[in-house]
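Here's the letter readout for the chains.
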Amino acid sequence: MVSRIDYTLYLVTDSTMIPEGSTFLKQVEDSINNGATIVQLREKNMLTLDFIERASQVHKLTLKKGIPLIINDRVDVALAIDAEGVHVGQDDMPASIVRKLIGPNKIVGVSCSFPSEVEAVCKEGVADYVGLGTVYKTNTKTNVLVPQGTGPIGIRKMLQVLKAHNTKQGNNYISCVAIGGINESNASKVLYQSAIQGQSLNGVAVVSCIMASKNAARSTIELENVIKSSVPWVKDINNQCFYIKTSEKIKQVVESKPLIHHITNNVVKNFSANVTLSIGASPIMSEFPDEFEEFASLIPNLALVLNLGTPSAGQMEIFKRAISVYNKHGKHIIFDPVAAGASTPRLECCKELLNAGQFSVIKGNVGEILALWKLTSKYQVSHTNENNLLMRGVDSVAEVSEADIKKIGREVAQDFRVVVVVTGAVNYVFDGTGFNSDSQNIHDVSLPDEKFGVAQVQIPGGHRIMSSITGTGCSLGSTIAAFVAAKADGSSNATFNLFDAVVGAVNFYNKCGFEVGRDIVSAPGTFMIKFLDKLEHEAHLHLQDDPKAMYYKTRAYNDYDYDCYYSY
């Protein structure tokens, strides 16, 4: 086995992609001279003598820069030029034989697409690193078993196996890179989303974004900068909880007047818009992708509510476009996986969207969150939990103990690095974004530390009648989005605590619902009207100069926080 290698920017060559006006060697040399840390020479259709000649030319370049050259598949070529290592796929020569042929001081890498393949590599114990993927669908890999890509969800499942191996005393450390569809637009996101506590990627492998670039030097520099940069959606978040009264948080919402972009189902659009207006925010219902960039780049106090609702192929493309744009500009997204547990196709839609980008908050009932739990890296399929009915339509019918809800909510929050809200008679809020400031990897900065657990809050639900009214769950997502867009954690900092803002939103919304049902009305139709009135009253009550506040202060309403139970 060899000592640690820098896998940060792993270039995989492809001679079929060279742009007009350049040459294969120029593309490779420009990348090596501007940040590539390791090179894999991949030539599937080249004759042996030609392959050796090319490998020798590339090796001169890599030796000059002091970086390793890995030969794809061909042990004979690697031996012929004394290359630093060999990479093999699942259908190539077994890694154990490669090791015997090239000796203990060379690098051996193996491609893996499933946890079972990583487990086999770990058990064999001869590889120095694994290439995990393909992450996203790519034209360079057509014979893969996962044609749409494993996504970060699949990478995390493989990293759990790798973590178990790497943390066991006496085992040789196996590094890892992600490969497949990675470029300057998503490299940082892949590194961030793929990390689990205690194990992250050591780098990303790229092909076309450099080999097909008209300026390989500049593309390499840009990619290196992206890899070393924080993802934009963490820039305005801190980990300082203040536990300030909800009244102070809703005041921030009204004063900042945030815009809440909804991509939601037609059944709830009107009610969600009215709830948004009632709490002092502004709603916009847009499914027109051409304007998403303008929203996200120009509007400061903005958040997106993405409600799975009634998905279709066209709607999924709109969802993914919105996720991409909002992630690029660091704007927060609240995801409502409506009826995720009702059918396999709905859960697959959720998987596709969760792989497509990063959410800040996931809100759902027990059945919906339990369904998403099946996508987490720690979830193990068994006959006892695989076929349980989770939902009937949009209603949860899952029977889950409080202890299990806490375990499931915590693991979903940790894996997807989000704040999770589990709604019901009792609402549970879990923080999977707690900063780990001791991390040496910039993409680990917000991984929750398992030593201290995940912050949890229990908040009483609203009123039982709310479950009989369409849209009350979806419009909680609108309320959460308003608090998040306004950075309403009760502090005056430029950054804010996402978890604290979400707790404030859930507390505020359910308190209003409870009081309307308890004191005013228990008929569904009348409840909706009175609920909107109550939301507006509570939102404007504490403003000093707002005309509505002067009216509301004459009314006999109590100002108190719902009882929240914080635990870790």
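In the block above lies the structure referred to throughout.
Calculation rules
Residues numbered from 1 in each chain as written. Predicted model: local features only at pLDDT ≥ 70, side-chain atom pairs only at ≥ 80, totals over all residues. Heavy atoms only, no water. Buried < 20%, exposed > 50% of the residue type's maximum accessible area, 1.4 Å probe, protein only. Helix = DSSP H or I, 4+ residues; strand = E, 2+ residues; numbered from the N terminus. Pairing = 2+ DSSP bridges. Right-handed = clockwise from strand over helix to strand, strands pointing away. Core = buried A, V, L, I, M, F, W, Y, C linked by side-chain atoms within 4.5 Å. Contact = heavy atoms within 4.5 Å. 1 Å grid on protein atoms, 1.4 Å probe; cavity = no way out; pocket = protein on both sides within 12 Å on 5 of 7 lines; lining within 4 Å. Points joined across faces, edges and corners; volume = space filled by probe spheres on them. Axes fitted to C-alpha atoms, helices over the stretch in contact; angles between N-to-C directions.

Caption draft 1: Quick peek at the pairing of strand β9 (residues 259-263). The element β9 is largely enclosed, with a buried count of five among its five residues. Bridge count for β9 against strand β10 (residues 282-285) is four bridges, and the pairing is parallel. Bridge assignment links isoleucine 260 to a residue of β10, and that residue is proline 283. Each parallel crossover has a hand, and for β9 linked through helix α11 (residues 269-278) to β10 it is right-handed. In terms of strand pairing, β9 meets strand β11 (residues 302-307) through five bridges, oriented parallel. When the bridges of β11 are listed, leucine 259 appears paired with leucine 302.

Caption draft 2: Broad picture of the pairing of strand β2 (residues 38-41). Taking every second residue as pointing to the same face, both faces of β2 are buried, with Ile38 and Gln40 on one and Val39 and Leu41 on the other. Where strand β1 (residues 9-12) meets β2, three bridges bridge the pair, whose relative direction is parallel. If you follow tyrosine 10 over to β2, its bridge partner there is isoleucine 38. Between β1 and its parallel partner β2, the chain crosses via helix α1 (residues 24-32), and the hand of that crossover is right-handed. As judged from the three bridges shared by β2 and strand β3 (residues 69-72), these two strands associate in the parallel manner. Its bridge partner lying in β3, glutamine 40 is registered against isoleucine 70.

Caption draft 3: Structural view of the nonpolar core. Core analysis: the biggest nonpolar cluster contains 69 residues, and Tyr10, Ile71, Leu132 and Leu201 have the highest contact counts within it. Beyond its immediate sequence surroundings of up to four residues, leucine 132 is in contact with Cys112, Val118, Ile155, Met158, Leu159, Cys176, Val177, Ala178, Ile179 and Leu201. In terms of nonpolar packing, the next biggest core, distinct from the first, is built from 49 residues, Ile465, Met466, Val503 and Cys512 among them.

Caption draft 4: Looking closely at the layout of surface pockets. The volume enclosed by the largest pocket comes to roughly 1300 Å³. Residue lining of the largest pocket: 44 residues in total, with Tyr136, Gly151, Lys189, Asn355 and Ala356 positioned closest to the centre.

Caption draft 5: The sheet that holds β3, seen in detail. In space, the eight strands of this closed barrel follow the order β1-β2-β3-β4-β5-β6-β7-β8, with parallel pairing throughout. Ignoring which end each strand starts from, the neighbouring axes of this sheet average 25 degrees apart. Where strand β4 (residues 85-88) lies against strand β5 (residues 107-112), four bridges are found, and the strand directions are parallel. Across the sheet, residue glycine 85 finds its bridge partner in β5, namely isoleucine 107. Lying over the sheet, helix α6 (residues 151-166) contacts β5, β6 (129-133) and β7 (175-179), oriented at roughly 160 degrees with respect to β6.

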